[in-house]
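# Architecture at a glance
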Amino acid sequence: MYIVLAAPTRSGETSDDSVAQLQPADSSFSPAGDAVVVNANQLPEAVRRFEAEGVRWVWEETRAWYPSLLDQGVTIERCHDVSLSREILRHSLFSAHTPYSSGLGNHPDDADDPALPRQLPPAAPSPLQGSLFEADSGPAGPGCAEVLEEFAGQQHAAANSSHPQRLALLLAAESAGALLAAEMEAAGIPWRADVHEQLLVSQLGPRPREGLRPVELERLAGDLRDALDNPRFNPDSPQELLRALHRAGIEVSTTRSWELERQEHPAIEPLLKYKKLSRLLTANGWTWLDTWVSDGRFRPEYVVGGVVSGRWASRGGGALQIPKQIRDAVRPDPGYAFIVADAAQLEPRVLAALGQDSALATAARGLDLYQGIADQGFGDRAKAKIAMLGAMYGATTGESGRLMPQLARTYPQAIGVVESAARTGEAGGVVSSYLGRGCPPASERWLATQRTSTAEEQRRADNIARSRGRFTRNFVVQATAAEWALCWLAELRRRLRQIAVSSPGAELVFFLHDEVMLHVPEAMVTEVSRMVTEAAVAATRLMFGDIPIEFTVNLMVVDSYALAK
DNA sequence: ACGAAAAACCTA
DNA sequence: ATGCTAGGTTTTTCGT
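So, here is what we can say about the structure in this document.

## Topic: the protein's contact with DNA strand C
Not every one of the 27 residues close to DNA strand C is listed here, only the nearest: Ser237, Gly316, Gln321, Ala395 and Gly398. The sugar-phosphate portion of DNA strand C accounts for 76% of its atoms within 4 Å of the protein, the bases making up the rest. The contact in question runs from a phosphate oxygen of DNA strand C to an N or O atom on the backbone of Gly316, over 2.4 Å. Within the contact set of DNA strand C, a base nitrogen lies 2.7 Å away from a backbone nitrogen or oxygen of Gly398. Top element by residues in the surface near DNA strand C is helix 21 (residues 455-500). It accounts for 4 residues. Among the residues forming the surface near DNA strand C, the class breakdown is 8 nonpolar, 12 polar and 7 charged.

What follows is the structure, given as structure tokens:
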């Protein structure tokens, strides 16, 4: 049984304060029974009542409904997010021939050009907010009939695709991810502002007045001016800094730290220290703390489907780039601990599965896949790692490039997968993840670059083609790894919900590509740790069935994020 | 004066 | 070992 939740359509039974319509539907996606129209006060109880019957919710956008339900203490088990499913089906090769997918249009345009920077769309307005704050215009968004019709089209597209089970799993996993994202946003990452502040004070000095440098930065700026014998320049300006360095005889072409590190000059040491501390101040200093941390929680926003590969993006506070430098501020509440777990070498393991490469699967048998490759006669571990990463990223030169032929001979099946993806991309084609997420098509602009006449233009065109090849090469691995991670999350979420009634309190609070953090009552640490491991086994089975490849999970119980890894 | 782009550095 | 994938944020710089 499905319940469609959407904005109410104007009719006799709706009143001015109606915010939602709940429409039951049966397994053939037809309306079953009367729709219920509710106002904001009635919505939580109505949802709770249906949820107790074990329904699956269908709505245009999880973001629009779930956060406010969570605020009111309502959680749900399963949903189908129509908008996220739409974007998957728009690009999926599996369903391209179905009426629904072909009707969406999948026209290559420059917005889909991976060479162009992507910008995230602004957060969608919630229909609930619309009704609460805009008296004259009622709740926005499509009504139940439209949502149900599109849902039916999506189900038909998945069922009639070339891989019905895989695509259905992908849509379910993406929707589960949307629920979890909202739940993690509601939970927030436990953050000790006092510990963070202590870190800042010990490295930068006391918080300065607005517009002034902290004492330690001021001191280093002074040292730098002395060392360069240059009394007045702004070290925060790359242009001025570069000119000052040149005037002191330091020949660098940029002010990047790794280029500066190679220079011998008394100014380099204070400069590198200055850049390091300046970064801490501007990216994660007092302003950041004021802006993003409140009530002991850092609350970023997750953008499910925000990355073409299916990884999540985030908005606000740089949640996916918390520097190691400040992770000590991430501390559990009293009586709680963190479980931090990550999938060990997820991408090469995924590649072994994609290529059904038994030699690589054997190397992945142990905890350390790169050591496994080394043990199969590939030299040392470092070499094995560089070669493998090069294969997945498309390295052509240097040590990584030189190791490629040997790697291709040792693991022909696995390397064949990425090589084939690269050739498809170079030719302007599209590639697919294991569960059916398609990469964006080549844009008109891209195709135009390939139609050339002169030799000079041809060289440029080849460069552009190889760049797309690297993108599609990496896409098949990164997108499939993202799917595994999503299945892992969904399995873990399901297990946590099973025990939540009798022993509540364990929450997922952070997710980063192949890593999760849970905030767990100390008494539950053992039980939840087992669930994290079991969820990984279940995710592997769910995606790939019974395959001889292990997806190892590294797990640590810590009382500071700084102690993980 | 304002907004886009670039530079820099952080993450997996 | 910064040559190779995907992102976000801040500040400075540049263009209108």
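## Things to note about the protein's contact with DNA strand B
Neighbouring DNA strand B are 18 residues, the closest being Thr255, Ser257, Lys275, Gln321 and Asp514. The sugar and phosphate moieties of DNA strand B supply 85% of its atoms located within 4 Å of the protein. In the model, a phosphate oxygen of DNA strand B is placed 3.4 Å from a nitrogen or oxygen of the Lys275 side chain. One of the side-chain nitrogen or oxygen atoms of Gln321 is found 2.9 Å away from a base oxygen of DNA strand B. The greatest single-element share of the surface near DNA strand B, amounting to 3 residues, is contributed by helix 12 (residues 268-284). Along the lines of polarity and charge, the residues of the surface near DNA strand B split into 4 nonpolar, 5 polar and 9 charged.

## Digging into the nonpolar core
If you look at the biggest cluster of nonpolar residues, it comprises 118 residues, and the most contacted ones within it are Trp191, Trp484, Trp488 and Leu518. For this core, the element with the most residues is helix 21, which contributes 14 residues. Of all hydrophobic cores here, the second largest spans 23 residues; its members include Ile3, Ala46, Trp57 and Ala64.

## Describing helix 2 (residues 62-71)
Among the residues making up helix 2, those that are buried are Thr62, Ala64, Trp65, Tyr66, Leu69 and Leu70. Looking one or two residues beyond helix 2, the residue adopting positive phi is Gly73, at roughly 80°.

## Some details on the sheet that holds strand 13 (residues 515-521)
Strands sit in the order 12-13-11-14 across an open sheet of 4 strands; the sheet is antiparallel. Each edge of the sheet is formed by a strand with only one pairing partner; in this case those strands are strand 12 (507-511) and strand 14 (553-558). If you compare each strand with its neighbour and ignore which way they point, the axes differ by 20° on average. Both strand 11 (residues 336-343) and strand 14 contribute to a ladder of 6 bridges, which runs antiparallel. Each residue of the ladder has a partner; that of Phe338, found in strand 14, is Val558. Helix 22 (residues 525-544) rests against strand 11, strand 13 and strand 14 of the sheet, and its axis sits at about 165° to strand 14.

## A few points about the packing of aromatic side chains
According to the stated counting rule, one finds 16 aromatic pairs in the structure shown. Ring geometry for Trp312 versus Phe511: centroids 4.9 Å apart, planes at 85°, classification edge-to-face. Placement of the pair is Trp312 in the loop between strand 9 (301-303) and strand 10 (313-315) and Phe511 in strand 12, with a sequence separation of 199 residues. For Phe511, a relative accessible area of 5% puts it in the buried group. Ring pairing ties together the aromatic residues Tyr434, Trp484, Trp488, Phe544 and Phe551, which thus form one cluster. Taking the ring centre of Tyr434 as reference, the NZ or CZ of Arg166 above it sits at 3.8 Å. Directly above the aromatic system of Trp446 lies the positively charged group of Arg468, at a separation of 5.7 Å from the ring centroid.

## A short note on the pairing of strand 1 (residues 2-6)
Most of strand 1 sits inside the fold, with 5 of its 5 residues counted as buried. Relative to strand 2 (residues 18-25), strand 1 runs antiparallel, the two being bridged by 5 bridges. Its bridge partner lying in strand 2, Ala6 is registered against Gln21. Sheet topology note: the strand 1/strand 4 (residues 56-59) ladder contains 3 bridges and is parallel. Pairing of Ile3 across the sheet is with Trp57, part of strand 4.

## Some remarks on the packing of helix 7 (residues 164-187) against helix 21
Where helix 7 meets helix 21, the closest approach of the two axes is 9 Å, and the angle between their N-to-C directions is 60°. In terms of their interaxial angle, helix 7 and helix 21 are classed as oblique. Considering only the axes of helix 7 and helix 21, their crossing is left-handed. Two secondary-structure elements touch here, helix 7 through Leu169, Leu170, Ala173, Glu174, Ala176, Gly177, Leu179, Leu180 and Glu183 and helix 21 through Glu483, Leu486, Cys487, Leu489, Ala490, Arg493 and Arg497. Per-class residue counts for the contact of helix 7 with helix 21 are 10 nonpolar, 1 polar and 5 charged.

Rules and cut-offs
Residues numbered from 1 in each chain as written. Chains lettered and ligands numbered in written order. Predicted model: local features only at pLDDT ≥ 70, side-chain atom pairs only at ≥ 80, totals over all residues. Heavy atoms only, no water. Near = heavy atom within 4 Å. Polar contact = N/O pair within 3.5 Å; in protein donor to acceptor, adjacent residues only side chain to side chain. Helix = DSSP H or I, 4+ residues; strand = E, 2+ residues; numbered from the N terminus. Nonpolar A, V, L, I, M, F, W, Y, C, P; charged D, E, K, R; others polar. Core = buried A, V, L, I, M, F, W, Y, C linked by side-chain atoms within 4.5 Å. Buried < 20%, exposed > 50% of the residue type's maximum accessible area, 1.4 Å probe, protein only. Pairing = 2+ DSSP bridges. Axes fitted to C-alpha atoms, helices over the stretch in contact; angles between N-to-C directions. Contact = heavy atoms within 4.5 Å. Phe/Tyr/Trp six-rings, centres within 6.5 Å; stacked < 30°, edge-to-face > 60°. Lys NZ or Arg CZ within 6 Å of the ring centre and 35° of its normal. Parallel < 35°, antiparallel > 145°, perpendicular 65-115°, else oblique. Left-handed = near helix turned anticlockwise from the far one by under 90°.

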